Protein chains: 2
Amino acid sequence: MLDARHAILFEPVTIGPKVLPNRFYQVPHASGFGSHKPLTQAAFRGIKAEGGWGGVCVEYAPVSADADEAPHVAANLRDDRDAAALRLTADAIHRHGSLAGMELYHGGNSSKNVASRHARIAPTAATASIDWGSAAREMTLDDISRVQADFVAGARLARDAGFDIVYVYGAHGYLLTQFLSTWSNRRTDAYGGNLAGRARFALETLEMVRTAVGDDCAIATRICVDGRRGVKGVLIEQMLEFVRLADPLVDLFDVTVGSWPEDSGTSRYYPEGHQLPWTGRVREATAKPIVGVGRYTNPDQMAAVIRSGAFDLIGAARPAIADPFLPRKIHEGRLADIRECTGANVCIMKEEAFGHVGCIQNATAGEEYRRGWHPERFDPTPEPGRAILVVGAGPAGMECAMVLGRRGFDAVHLVEAEDEIGGRLRWTRRLPTLGDWGRITDWRRTQLDQLPNVEVITGRRLSAADVRDYGASIVIVATGSRWSGDGTQPERSRPISLPAGTSEALTPERIMMGERPAGQRVAVYDVDGYYVGPGIAELLAAEGYEVCLVTPEPVVSPISDDTLEGPMLRQHLHDVGVAMQVGITVLERTPDGIGGETEYGDPWSLDVDDLVLVTHQVPTDDLYRALVADPQALSAAGIDAVHLIGDAVSPRWISESVFDGHRLAREIDLPDPTFPAAVLRDQPA
Amino acid sequence: MLDARHAILFEPVTIGPKVLPNRFYQVPHASGFGSHKPLTQAAFRGIKAEGGWGGVCVEYAPVSADADEAPHVAANLRDDRDAAALRLTADAIHRHGSLAGMELYHGGNSSKNVASRHARIAPTAATASIDWGSAAREMTLDDISRVQADFVAGARLARDAGFDIVYVYGAHGYLLTQFLSTWSNRRTDAYGGNLAGRARFALETLEMVRTAVGDDCAIATRICVDGRRGVKGVLIEQMLEFVRLADPLVDLFDVTVGSWPEDSGTSRYYPEGHQLPWTGRVREATAKPIVGVGRYTNPDQMAAVIRSGAFDLIGAARPAIADPFLPRKIHEGRLADIRECTGANVCIMKEEAFGHVGCIQNATAGEEYRRGWHPERFDPTPEPGRAILVVGAGPAGMECAMVLGRRGFDAVHLVEAEDEIGGRLRWTRRLPTLGDWGRITDWRRTQLDQLPNVEVITGRRLSAADVRDYGASIVIVATGSRWSGDGTQPERSRPISLPAGTSEALTPERIMMGERPAGQRVAVYDVDGYYVGPGIAELLAAEGYEVCLVTPEPVVSPISDDTLEGPMLRQHLHDVGVAMQVGITVLERTPDGIGGETEYGDPWSLDVDDLVLVTHQVPTDDLYRALVADPQALSAAGIDAVHLIGDAVSPRWISESVFDGHRLAREIDLPDPTFPAAVLRDQPA
């Protein structure tokens, strides 16, 4: 039941000619689906409307030929074919009574245009780099008219495709911001000079779009308000002035801060609501509806923000991916059921680098169409009587047991050898800055506790004989993996040679179980390239060790660049005193330290007292191997099937272990669920 | 007329049940078009058949769900929809009497599978890294059967789609090589152990594919033969033994060396035919037809390779992109017309990083469908009487004048201020390792000389008045750009402060025109990130200067990573004694050297005697601005239009300047050719 404190979140809000049914608003964000995977896009966004988001937007929609973002995927909106593809999404959103938003876009100097072979355009050419094939050229007056006409054409296509809210996108440093900035706009004509001049392009565009579709659609703009560096140097005072100028033309202000990595800051470096000191000031300049984000998952905090008057709508991208049903759960008073965003930016990595959004918390994100998965609905099993034993309560095991429980199996036992569930998350969440990743465990703990047909048993390590005697007819082994300190280097022919008598160097797990280096000076050798090596390095540095993070990669933690964390992670390590050496392959532990070679094959050495290896993980699959080695014993024990999931199959990112456990639980009734069932491939509209 | 020396190249060659009409063979290579841009793919490959390539292949075709290459584009061949899309390409190739080839593929441990969410698979898990979401798991016998069945299904789809040649892809370190390698295959079952065991997967797959489609299609395999490190440690002796084992099952051996960056080695670091010492040895093991590559553009060399018995077919990827009509030109004895590949790997950069192949030499590559451009055919202009003056004979101007000449304008004058044509290529080709880029100028010089309606005039610098007096009715300004040493840093708010009285630091052009640093110790500050900074640094180092290449980028020359040159470029700079400092933003020239800050904001300095700035280029557009500033004078001079192209619009890669000159010449009869005409967007099959 809806708590009265949260009722304010379910008030309708009028934006121009439209009415949002509540204050929950999925702001525009990329998915990888654009306009070329229309059924996938429609299913992904439609689920959010079903889950109670009163406004649901798609990603940025380039309107011009020279707003080409390839290889990144966008919802191009340039012809009837695009509009027909995107109409499916508008329809899917409307089916649940929500409003559909379209973010019309031109990147200006940020649009790569390599595939399209257009020169990039910018208000002024002078300060443009040649990162992508061509430096930007200065926009002519013809260019300005052309791009404005493209915005109008895009707006008409959006309106005709059924979209209710049309954005003129102005945040994150794209074309509109480039015009507003004195850094990037040094024009001496009517589109440059003072703020009124620099704002002219945006204001004219807004007015033209409003004239074209303003009777049918709400007009939104997305802007950056920031008092530190701003974006391209546009500080909040100027943006507030711009808001005043744009106020008569805008029905909804969508407010952000800083660059994208800051606006979508991860939980490692930004708390929830970190934007509010800046975004909260927009109210000074307008009485129109305002939406802002803050990675909010707590309805008390949301209600407080609305009550404060700062925002009219709670914007969300990542929290809506992690839990499409967040609004409904609040409405039903099911607060403990909210699957809270961890702020890990796995969604962004998967979407930006691989073209298909996913989530570390929500295994169904991006799987709505191709696998037919719904985040809250689960097909009842046709054979509920089969007793299931899941061995190992890490990410894969927790998720698998939970989904099996929801599918209605009479008895699911999740048995964990350690005293608490979570698997590797038990220690991952204790790494500096990674506390919020604990939500992966905490939410599953809460869900498992609610399932009367699932029993969670901790502190019980099962042997193969124990498993056979357990009484289950299906056994799922989810025993995870462990870091190996044996010196093996993935994809390299030579292992690290360790001193005679040493079987293994220190590993992340040994550190997290309490072992400490033998001496003050420690090298952490990171071949993994993600969060574990930096986490261990920071932890040891905080304890006073003199730490050098050594990696064969050209930068520290390259995977963190894909989660938008790279530069801030490296700055953070630097600030806490971790030394870093890149391009180094370690080859031996010597009496004085470690030796190896540089990327150029030159000898290299470092004097250290101890070495932590973050090189590779090995599956803990002994139990599985012992079980399948004796099929007769299994048969005699009444065990019909033994499955292996997660890291115990092969070590992987947490998001993928959660997915693997989820998938097996969904597909366990298939004749052979070992290999994932074929997925639907998207069809053109 | 065909030279008798080259007649051997036009002999038909039987491969299994098929006959190639000649010995010219476009080996499989990526384009960015895959199966999802079917009309673009068909046009791109069809042109090559028209140009005389007797065999034309598409790119790698993943056959399994866990051979997912996203975000890279492949010609998936997994269902009838893919086959229908690719049939358009087979038809386009057949239209010109050539054979169509399909390269069936599984990457094993190299397939990223992040979008598909499959675990990666490999013969053995032990040495697998977790670069992309999951470490590889060991293939079960079920996996082996499944993947083999997928190859068979792919072969049937290829056959039914009209393809004549079906590959089982085994080179470049993918799944077949992983089975052959003792590094990556440590299996103890029938698919591991000795070579016969490690070859079993490949041999069985070849046999199954042969059984399925061998009566209808030629069976090819692509392998790596290398005696240095091999690929994954598979050395040539083992590969020759594999060839002997596979001989009865294979109709065509496609042979490569090393990893992809070596096999597609650029002209900077690899001469033509560098693979032959290894690929030439395959003949020892088989009498079956062999195809190999070598970036061959010289028919004498091609004929010699055939006569030597090393190869039966001349394979080409890049030379066929640079000149689809290379075989026909040889057949017609038009050797000087061959547009020779420069070996710059712009094709690979554009295809891999941006999803659409292009070429530094051939402006029509990748534009066959979307712009309707043919590399050898040009629409006659409807108004040939308009006299055209092109000012500036750099990449854009040369290309533009040439295409205008081919379009039949009565009089085209190309006027260059310097004593030789080439623009920035005049000095670029003199940078160490970049000599082959001179082909861009040389080919155009040859072509321009053949066009009676185009006059090339050098050593004549035109003022605005000169242009008005010239007698042209159309003026095209292609005056290029110049490097600026004024300290401006693109996309950074702070310029580099230079000592009082110094207006500009040294630039690449000043160095190439003969100026030298004031002292022994020189910093080259590279914000450009491509070939100019490293080229200048190497040149100075070779002359005995003590050179440090400083860059704000996290690696030296990141763009070279996209051309596959990065690691070898950096190794090369290291080997010739160039010091490198990354992550450094230079902020000032001090009395003792240079000062700035690290990526972490810490102060940084370097003692040097002089500084070369490779920061940014500025358009040389004074002439254009002077002309358009006085429309009445233009009108009085009878000039109807003044156009600006290439670097004079905005500095850009050479490939894009060539493209821009080409485009304007194609579109100059349009009402307003300033902005490129709209392109066709590919339609699903």
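Residues numbered from 1 in each chain as written. Chains lettered and ligands numbered in written order. Predicted model: local features only at pLDDT ≥ 70, side-chain atom pairs only at ≥ 80, totals over all residues. Heavy atoms only, no water.

## With respect to the overall build of chain A
Test applied: Note on conventions: DSSP H or I runs of at least 4 residues are helices, E runs of at least 2 residues are strands, and numbering of each starts at the N terminus. With C-alpha atoms as the basis for the radius of gyration, the globule rule is written as 2.2 Å multiplied by the number of residues raised to the power 0.38. Whether a residue is buried, partly exposed or exposed follows from its accessible area with a 1.4 Å probe, protein chains only, as a fraction of its type maximum: under 20%, in between, or over 50%, in that order. Contact between two residues is taken to exist if any of their heavy atoms lie within 4.5 Å; hydrogens are not considered.
When helices and strands are counted, chain A shows 23 helices and 26 strands. Its C-alpha atoms give chain A a radius of gyration of 27 Å, within 12% of the compact-globule value 26 Å for 685 residues. Taken over the C-alpha atoms alone, chain A extends approximately 80 × 65 × 45 Å along its principal axes. The burial tally for chain A puts 65% of its 685 residues in the buried class. When contacts within chain A are restricted to residue pairs at least 6 apart in sequence, those whose partners lie at least 24 apart make up 72%.

## Focus on unusual backbone geometry
All names here are of chain A. With omega at 10 degrees, the peptide bond leading from alanine 70 into proline 71 counts as cis. Summarising the element assignment, proline 71 is placed in the loop between β4 (55-62) and α2 (80-94). Even without a glycine there, the phi angle at histidine 172 is positive, about 55 degrees. Within the secondary structure, histidine 172 is located in the loop between β8 (165-169) and α4 (175-180).

## Side note on the packing of aromatic side chains
Residues and elements named next belong to chain B. Condition: What counts as a ring pair is set by centres within 6.5 Å for rings of Phe, Tyr and Trp (its six-membered ring), and what kind of pair is set by the plane angle: stacked under 30 degrees, edge-to-face over 60, tilted for all other angles.
The full count for this structure, using the stated rule, is 26 aromatic pairs over all chains. Here the aromatic rings of phenylalanine 10 and phenylalanine 24 are separated by 5.1 Å at their centres, their planes lie at 50 degrees, and the arrangement is tilted. Separated by 14 residues along the polypeptide, phenylalanine 10 in the segment before β1 (13-15) and phenylalanine 24 in strand β3 (residues 24-26) bring together distant segments of the chain. The same class applies to phenylalanine 10 and to phenylalanine 24, which are both buried. Centroid distance tryptophan 437 to tyrosine 531: 4.6 Å. Interplanar angle 65 degrees. Geometry classified as edge-to-face.

## Here's the deal with the confidence of the model for chain A
When pLDDT is low, close inspection of the predicted coordinates is not appropriate. Convention followed: By definition, pLDDT measures how confident the predictor is in each residue, and it falls between 0 and 100.
Looking at chain A, the pLDDT average stands at 96 and 99% of residues meet or exceed 70. Taken together, the chains of this predicted complex give a pTM of 0.96 and an interface ipTM of 0.96.

## Side note on the interface of chain B and chain A
Put simply, the rule is: Once two parts are put together, the accessible area they lose, assessed with a 1.4 Å probe and summed over both, is termed the buried area. By salt bridge we mean one thing: a side-chain nitrogen of Lys or Arg within 4 Å of a carboxyl oxygen of Asp or Glu. Classification used: nonpolar for Ala, Val, Leu, Ile, Met, Phe, Trp, Tyr, Cys and Pro, charged for Asp, Glu, Lys and Arg, polar for all others including Gly.
Taken together, the 74 residues of chain B in the interface contact 74 residues of chain A. For the pair chain B and chain A, the summed buried area comes to about 5,900 Å², and 53% of that belongs to carbon and sulfur atoms. Between chain B and chain A we count 8 salt bridges in total. Of the charged contacts, one joins glutamate 656 of chain A and arginine 117 of chain B as a salt bridge, the two residues approaching to 3.1 Å between their closest N and O atoms. Among the elements of the structure, α2 (80-94), α3 (141-160), α12 (346-354), α20 (566-575), β25 (616-619) and α23 (654-667) of chain B are those that each provide at least two residues to the side of chain B that touches chain A. Here the side of chain B that touches chain A is built from residues that sort into 31 nonpolar, 18 polar and 25 charged.

## Focus on the sheet that holds strand β20 (residues 579-582) of chain B
Residue and element names in this part refer to chain B. The criterion, for reference: Any two strands with at least two DSSP bridges between them are considered paired. Axis definition: a line fit to C-alpha positions, over the contact stretch in the case of helices; interaxial angles, taken between N-to-C directions, run 0 to 180 degrees.
Spatially, the 4 strands line up as an open sheet ordered β20-β19-β18-β24, and their pairing is parallel. The sheet terminates laterally at β20 and β24 (610-614), the two strands that pair on one side only. Taking the axes of each pair of neighbouring strands and ignoring which way they run, one obtains an average angle of 20 degrees across the sheet. Summarising the sheet, strand β18 (residues 521-526) and strand β19 (residues 546-551) pair through 5 bridges and their orientation is parallel. Bridged to valine 524 within β19 is leucine 549. Those strands touched by helix α18 (residues 532-542) are β18, β19 and β24, and its axis lies near 170 degrees from that of β18.

## Considering the relation of the copies chain B and chain A
Test applied: When the copies are overlaid, the least-squares fit takes in C-alpha atoms only where the residue has pLDDT of at least 70 in both copies.
Rotating chain B by 180 degrees about the axis while translating it 0.0 Å along that axis superimposes it on chain A, leaving an RMSD of 0.0 Å. On this basis, the relationship between the two copies can be described by a two-fold rotation axis.

## Observations concerning the pattern of salt bridges
Taken as a whole and assessed by the stated rule, the structure comprises 110 salt bridges over all chains. Where arginine 377 of chain A meets glutamate 50 of chain A, a salt bridge forms, and the shortest distance between an N and an O atom there is 2.8 Å. On the criterion of sequence distance, the pair formed by arginine 377 of chain A in the loop between α12 (346-354) and β13 (388-391) and glutamate 50 of chain A in helix α1 (residues 38-50) is long-range, its members being 327 residues apart. The salt bridge involving arginine 222 of chain B is made with glutamate 103 of chain B; its shortest N-O contact spans 2.9 Å. Taken as a pair, arginine 222 of chain B in strand β9 (residues 218-224) and glutamate 103 of chain B in strand β5 (residues 99-105) lie far apart in primary sequence, 119 residues in all. Comparing arginine 222 of chain B with glutamate 103 of chain B shows no difference in burial state: the two are buried. Because the salt bridges share partners, they merge into one network encompassing Arg117 of chain A together with Lys350, Glu367, Arg370, Arg371 and Glu656 of chain B.

## Some remarks on the pairing of β4 of chain A
Remember that side chains alternate between the two faces of the sheet whenever the strand is regular. Residues and elements named next belong to chain A. Condition: Here is how to tell: hold the view so the strands point away, follow the path from the first strand over the helix to the second, and if it runs clockwise the crossover is right-handed.
Across the 8 residues of β4, 8 count as buried, placing the element largely inside the fold. Pairing of strand β3 (residues 24-26) with β4 involves 2 bridges; the strand directions are parallel. Within β4, the position partnered with glutamine 26 by the bridge is valine 56. Bridge analysis of β4 against strand β5 (residues 99-105) gives 6 bridges, and the strand direction is parallel. The partner of proline 62 across the bridge, within β5, is tyrosine 105. Regarding topology, α2 serves as the crossover connection from β4 to the parallel β5, and that connection is right-handed.

## So, α12 of chain B
Residues and elements named next belong to chain B. Buried residues dominate α12, accounting for 8 of its 9 residues. For α12, the full list of buried residues reads Val346, Cys347, Ile348, Met349, Lys350, Glu351, Ala353 and Phe354. Where α12 is buried, its residues touch α7 (260-263), α10 (318-322), α19 (558-562) and α23. Positive phi shows up at glycine 355, right after α12, with a value of about 75 degrees.

## What about the packing of helix α13 (residues 395-406) of chain A against helix α15 (residues 439-450) of chain A?
All names here are of chain A. Keep this limit in mind: In what follows, roughly perpendicular refers to angles from 65 to 115 degrees, roughly parallel to angles under 35, roughly antiparallel to angles over 145, and oblique to any angle outside these ranges. When the near helix sits turned anticlockwise from the far one by under a right angle, the crossing is termed left-handed; a clockwise turn instead gives a right-handed crossing.
Here α13 crosses α15 at 30 degrees, and the two axes come no closer than 10 Å. The angle between α13 and α15 falls in the class roughly parallel. Considering only the axes of α13 and α15, their crossing is left-handed. Here Met398, Glu399, Ala401, Met402 and Arg406 of α13 lie close against α15, whose contacting residues are Ile440, Thr441, Trp443, Arg444, Gln447 and Leu448.

## A closer look at the sheet that holds β3 of chain B
All names here are of chain B. Sheet architecture is closed into a barrel: 8 strands sit in the order β3-β4-β5-β8-β9-β10-β11-β12, paired in parallel fashion. With strand direction ignored, the average angle separating the axes of adjacent strands in the sheet is 25 degrees. Direction of pairing for β9 relative to strand β10 (residues 252-256): parallel, over a ladder of 5 bridges. Looking at the pairing, alanine 220 lines up with leucine 252 of β10.

## Describing the packing of α13 of chain A against helix α23 (residues 654-667) of chain A
A pair of packed helices is captured by two measures, namely the crossing angle of their axes and the spacing between those axes. All names here are of chain A. Look at α13 against α23: their axes get within 7 Å of each other, and the N-to-C directions meet at 30 degrees. Comparing their axes, α23 and α13 come out roughly parallel. Judged by the sense of rotation from one axis to the other, the crossing of α13 with α23 is right-handed. Note on element contacts: α23 touches α13 through Ile654, Ser657, Val658, Gly661, His662, Leu664, Ala665 and Arg666, opposite Pro395, Ala396, Glu399, Cys400, Val403 and Leu404. By residue class, the composition of the contact of α13 with α23 is 9 nonpolar, 3 polar and 2 charged.

## Examining helix α5 (residues 195-213) of chain B
The α-helix advances 3.6 residues per turn, and as a result positions three or four apart in sequence lie on the same side. All names here are of chain B. Stated precisely, the cut-off is as follows: Residue count minus one, scaled by 1.5 Å, sets the expected span of a helix. Fitting axes to the seven residues ending at a residue and to the seven starting there, one defines the bend at that residue as the angle between these axes.
Taking 1.5 Å per residue, 19 residues should reach 27 Å; α5 reaches 27 Å between its end C-alpha atoms and fits that length. At phenylalanine 201, α5 shows its largest kink, close to 40 degrees. Every buried residue of α5 is listed here: Leu195, Gly197, Arg198, Ala199, Phe201, Ala202, Leu203, Thr205, Leu206, Val209, Ala212 and Val213. Along its buried surface, α5 packs onto α3, β8 (165-169), α4 (175-180), β9 and α6 (236-246).

## Quick look at the state of the cysteines
Residues and elements named next belong to chain A. Put simply, the rule is: When the sulfur atoms of two cysteines come within 2.5 Å, that pair is taken as a disulfide.
For the coordinates displayed, the defined rule picks out 0 disulfides over all chains. The structure places no disulfide on cysteine 359, whose sulfur is separated from the nearest cysteine sulfur, that of cysteine 347, by 6.4 Å. We classify cysteine 359 as buried; its relative accessible area is 7%. The thiol sulfur of cysteine 400 is not disulfide-bonded, and the nearest other cysteine sulfur, from cysteine 359, lies at 18 Å.

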